[in-house]
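What the coordinates show
Residues per chain are reported as follows:
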Amino acid sequence: MQQEAEQFLKIYYTETGAPAEKLEERIKEVISDIEAFGTYTQTYEEIVYGAKLAWRNSNRCIGRLFWERIEVADARQAANEEEVFEFLFSHLKNAFNQGRIKPYITIFPAVSAKEETVKIWNHQLLRYAGYKSDEGIIGDSDSLVFTQICEKLGWQGQGTNFDILPLVIQIGDQPPVWRSIPESLIPEIPMEHPEYKAVADLHLKWYAIPVIADMRLEIGGLHYVSAPFNGWYMGTEIGARNFADEHRYNLLPKMAEIMGLDTKHASNLWQDRALIELNEMILHSFKKQGVSIVDHHTAAAQFRIFEKQEAKADREVTGKWTWLIPPVSPATTHVWHQPYSNELKKPNFFYQDKAYQEVRGCPFHR
């Protein structure tokens, strides 16, 4: 922890231009706390910059041009379940910002032997439920397990394709609790197509903000296991994955039917044609509602600017190529032709085990 803390503080003080003597003073203070208590507390300014660096270092993210714009809500003093839920509700409201979506992160207490850890069970703060039925999957198949857990906790959905799941949290070893999200905090986009009007008859929609809630934020040797964060959507995340993947909503055949395409032969590229129109549907619908979204070509162009800015600052841009290339027409972007080192830099976001684990039918046992 001491080594990680010193490394982070040197980056923080160097990049923010703070006096060198302040750095030495802060390092001594942190070392003293670690030796005395086994941990230390970061200042608000440190977690703000740490969150920004974590985004800048995120190898899988193509939207890093805006890393300095993320806003940070300090929830490290959240002492009970109601305060945690209030912070999460506030996150949804502030991040949506009446459609002008803000990059936003809410940081709950770091893991500590002396304090109970806040754990968020949701993958995303906004997410649709998934149900098994005799006719197949209703809703989002990626949510099947978590939906069953929510039902065992007492939540009951409507059984539609677009039921927003509740928020489920746990503090320490206390039993998990859930709250339904107020409808006023659930911005959803009804889907329309500028040319194929029959799309509206499918009654499709999607939530406006992708708030990732189950990744661990690491800053200076401290582990924030609950730090939900968001940017805005790139259209292909919904149009080429959530709606198009066979194991998700599998809408390519329906889109092709609306377009009057022959789906008997893959060689006529009906899937490609339907995929493009699904993505146009997403971009058109978000823009009609005045909600922030970016297409993959613009996102790639923004990433090129980020690369130039990092080169000017004499920093290497790391990246995971298979994630940076968009799932639609990747070869039309410069990212396709650019190799990247997948070297891990900290601060950063990390995958972690789910806060729940099913054992012998019990969804709560760890």
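Residues numbered from 1 in each chain as written. Predicted model: local features only at pLDDT ≥ 70, side-chain atom pairs only at ≥ 80, totals over all residues. Heavy atoms only, no water.

1. Section: helix α7 (residues 252-259)
The periodicity of an α-helix, 3.6 residues per turn, causes residues three or four places apart in sequence to face the same way. Three or more residues of α7 are buried, namely L252, M255, A256 and M259. Here the buried residues of α7 occupy an arc of 100 degrees about the axis, which is enough to place them on one side. Its buried side turned inward, α7 meets α8 (270-288). (Buried < 20%, exposed > 50% of the residue type's maximum accessible area, 1.4 Å probe, protein only. Helix = DSSP H or I, 4+ residues; strand = E, 2+ residues; numbered from the N terminus. Arc of directions from axis to C-beta. Contact = heavy atoms within 4.5 Å.)

2. Examining empty space enclosed by the protein
Inspection of the entire model under this criterion finds one cavity of 30 Å³ or more. Roughly 40 Å³ of volume is contained in the largest cavity. Every residue lining the largest cavity is listed: E4, Q7, F8, G220, K346 and P347. Considered class by class, the residues forming the lining of the largest cavity number two nonpolar, two polar and two charged. (1 Å grid on protein atoms, 1.4 Å probe; cavity = no way out; pocket = protein on both sides within 12 Å on 5 of 7 lines; lining within 4 Å. Points joined across faces, edges and corners; volume = space filled by probe spheres on them. Nonpolar A, V, L, I, M, F, W, Y, C, P; charged D, E, K, R; others polar.)

3. What to know about the environment of K320
Summarising the element assignment, K320 is placed in the loop between α9 (296-312) and α10 (321-324). A C-alpha to C-alpha distance of 34 Å links K320 and T263, two positions 57 residues apart in sequence. Not counting residues up to four positions away in its chain, the partners in contact with K320 are N59, R60 and N342.

4. Re the pairing of strand β1 (residues 71-74)
Sheet faces and side chains relate simply in a regular strand, where the side chains alternate between the two faces. Of the pairings in the sheet, the one linking β1 to strand β2 (residues 104-107) comprises four bridges and is parallel in character. Looking at β2, one finds that V72 is bridged to I105. Regarding the hand of the β-α-β motif, the stretch spanning β1, helix α4 (residues 81-96) and β2 is right-handed. (Pairing = 2+ DSSP bridges. Right-handed = clockwise from strand over helix to strand, strands pointing away.)

5. What to know about the packing of aromatic side chains
Under the defined criterion, the tally for this structure stands at 23 aromatic pairs. Considering the side-chain rings of Y207 and Y233, the 6.3 Å spacing of their centres and the 45 degrees angle between planes classify their relative orientation as tilted. Of the two residues, Y207 is situated in strand β9 (residues 205-207) and Y233 in strand β14 (residues 233-234); the sequence distance between them amounts to 26 residues. Of the two residues, Y207 and Y233, neither departs from the other in class, the shared state being buried. Cluster of aromatic residues (ring-pair linked, three or more members): Y128, F162, W206, Y207, Y233, F243, Y249 and F286. The side chain of R56 reaches across the aromatic face of W67, ending 4.7 Å from its centre. (Phe/Tyr/Trp six-rings, centres within 6.5 Å; stacked < 30°, edge-to-face > 60°. Lys NZ or Arg CZ within 6 Å of the ring centre and 35° of its normal.)

6. What about the confidence of the model for the protein?
Confidence along the protein averages 96 in pLDDT terms, with 98% of residues attaining 70 or more. Note on residues 358-362: pLDDT under 50 across the span, and seven contacts to partners over four residues away in sequence or across chains. (pLDDT = per-residue confidence, 0-100.)

7. A word on unusual backbone geometry
Residue P347 follows K346 across a cis peptide bond; omega there is 0 degrees. Inspection of the secondary structure assignment puts P347 in the loop between α10 and β16 (348-350). Here the phi dihedral of N250 falls at roughly 50 degrees; this positive angle occurs in a residue that is not glycine. In this fold, N250 is placed in the loop between α6 (235-242) and α7. A residue is classified by how much of its surface remains accessible, and N250, at 32% relative accessible area, is partly exposed. Positive phi, close to 50 degrees, is recorded for S329, a residue that is not glycine. Looking at the element boundaries, S329 is found in the loop between α10 and β16.

8. Observations concerning the pattern of salt bridges
Enumeration over the complete set of coordinates arrives at 19 salt bridges. Here R56 makes a salt bridge to E310, at a shortest N to O gap of 3.9 Å. Here R56 is found in helix α3 (residues 44-56), whereas its partner E310 is found in helix α9, with 254 residues between them in sequence. Summarising the burial analysis for this pair, R56 and E310 share the class buried. Across the pair K205 and E188 runs a salt bridge, and its minimum N-O distance is 3.5 Å. Of the two residues, K205 sits in strand β9 while E188 sits in strand β8 (residues 188-190), which places them 17 residues apart along the sequence. According to the relative accessible area criterion, E188 is partly exposed, its value standing at 26%. One network of salt bridges, with partners in common, ties together E4, R216, E218 and K346. (Salt bridge = Lys/Arg side-chain N within 4 Å of Asp/Glu carboxyl O.)

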